[in-house]
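Remarks on the overall topology
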Amino acid sequence: MKTKEIIFELRMKNELSQDELAEKVCVTRQAVSRWETGETIPNTETLKLLSKLFDVSINTLLGSPRRLICQCCGMPLDDSSISKETDGTFNEEYCKWCYSDGKFIYTSLEELVEFLVGHTSNEDWPPEQARAYYEEQLPKLNYWKQQGK
């Protein structure tokens, strides 16, 4: 879906007129109309306001142009799994299981690897194989790269 369709659908789902939406995000009705016709897209600050108002990520508002993955555990992200900051805004870098209430859950790579191995290994993917995979892949994610600096 395109941004224009997403904004229109979210506005209708929330039973808002263009005037009401414009008032909530501090723009004119004409600006909302231009978004919904595809003439323009909201600026970054307005996207943040729309994200918070509709409880969807900016990535969703833009039609999901990026494939988001948690930069701590590698899990694919969607609006139901993306973490939020303490003010309720989405943090599109992490899942809600790795980052919650402004804090990271895992204090070490070893702690996360142990958790993941315990929850993902099975007959077809034995613990040794899962551990080797996570120990190789997780350090490539931004959170763990930053921890290594």
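Once a new chain begins, its residue numbering starts again from 1 and follows that chain's sequence as written. Whole-chain, interface and lining totals are the exception, using all residues; otherwise, since this is a predicted model, local features are given only for residues with pLDDT of at least 70 and side-chain atom pairs are given and counted only at 80 or more. For side-chain calculations, the full set of non-hydrogen atoms in the structure is used, while hydrogens and water are omitted.

1. Points about the state of the cysteines
Disulfides are defined as pairs of cysteine sulfur atoms found within 2.5 Å of each other. Using the criterion set out here, one finds zero disulfides in the structure. Just so you know, Cys 95 is unpaired, no disulfide at all, and the nearest cysteine sulfur is the one on Cys 98, 3.6 Å from it. Per-residue accessibility, obtained with a 1.4 Å probe over protein chains only, is compared with the maximum for each type, and a residue is labelled buried under 20%, exposed over 50%, and partly exposed between these values. A residue is classified by how much of its surface remains accessible, and Cys 95, at 1% relative accessible area, is buried.

2. A look at the nonpolar core
What tends to happen in soluble globular proteins is that the nonpolar side chains get buried as a cluster. Core analysis: the largest hydrophobic core is formed by 23 residues, its most contacted members being Cys 70, Cys 72, Cys 98, Leu 112, Tyr 134, Leu 138 and Trp 144. Numbered from the N terminus, helices here are DSSP runs of H or I no shorter than four residues, and strands are runs of E no shorter than two. Looking at this core, the elements that each hand over two or more residues are strand 2 (90-95), helix 6 (109-120), helix 7 (127-137) and helix 8 (142-148). For this core, the leading source of residues is helix 6, giving five residues. Should any heavy atoms of two residues lie within 4.5 Å, those residues are considered in contact. Apart from the residues lying within four places of it in its own chain, the contact partners of Cys 72 are Tyr 94, Cys 98, Leu 112, Leu 138, Leu 141, Tyr 143 and Trp 144. Buried residues of nine kinds, namely Ala, Val, Leu, Ile, Met, Phe, Trp, Tyr and Cys, make up a nonpolar core once their side-chain atoms join them within 4.5 Å. Counting 15 residues, the second-largest nonpolar core is a separate cluster that includes Leu 10, Ala 22, Ala 31 and Val 56.

3. What to know about unusual backbone geometry
A positive phi angle, near 55°, is found at Asp 55, a position not held by glycine. Examined against the element boundaries, Asp 55 turns out to sit in the loop between helix 4 (44-54) and helix 5 (58-61). Notably, Asp 101 is not glycine yet its phi reads approximately 50°, a positive angle. Secondary-structure assignment places Asp 101 in the loop between strand 3 (99-100) and strand 4 (103-104). Judged by relative accessible area, which is 60%, Asp 101 ranks as exposed.

4. Side note on helix 6
In a helix, the anticipated span is given by 1.5 Å times the number of residues less one. An ideal rise of 1.5 Å per residue puts 16 Å on 12 residues; helix 6 measures up with 16 Å between its terminal C-alpha atoms. For helix 6, the full list of buried residues reads Leu 109, Leu 112, Val 113, Leu 116 and Val 117. The buried residues of helix 6 occupy one face: seen down the axis, they fall within an arc of 130°. Structural note: helix 6 exposes Glu 110, Gly 118 and His 119 on the side pointing more than 90 degrees away from its buried face. Considering only its buried residues, helix 6 is in contact with helix 7 and helix 8. Think of it as the arc spanned by the lines of direction from the helix axis to the C-beta atoms.

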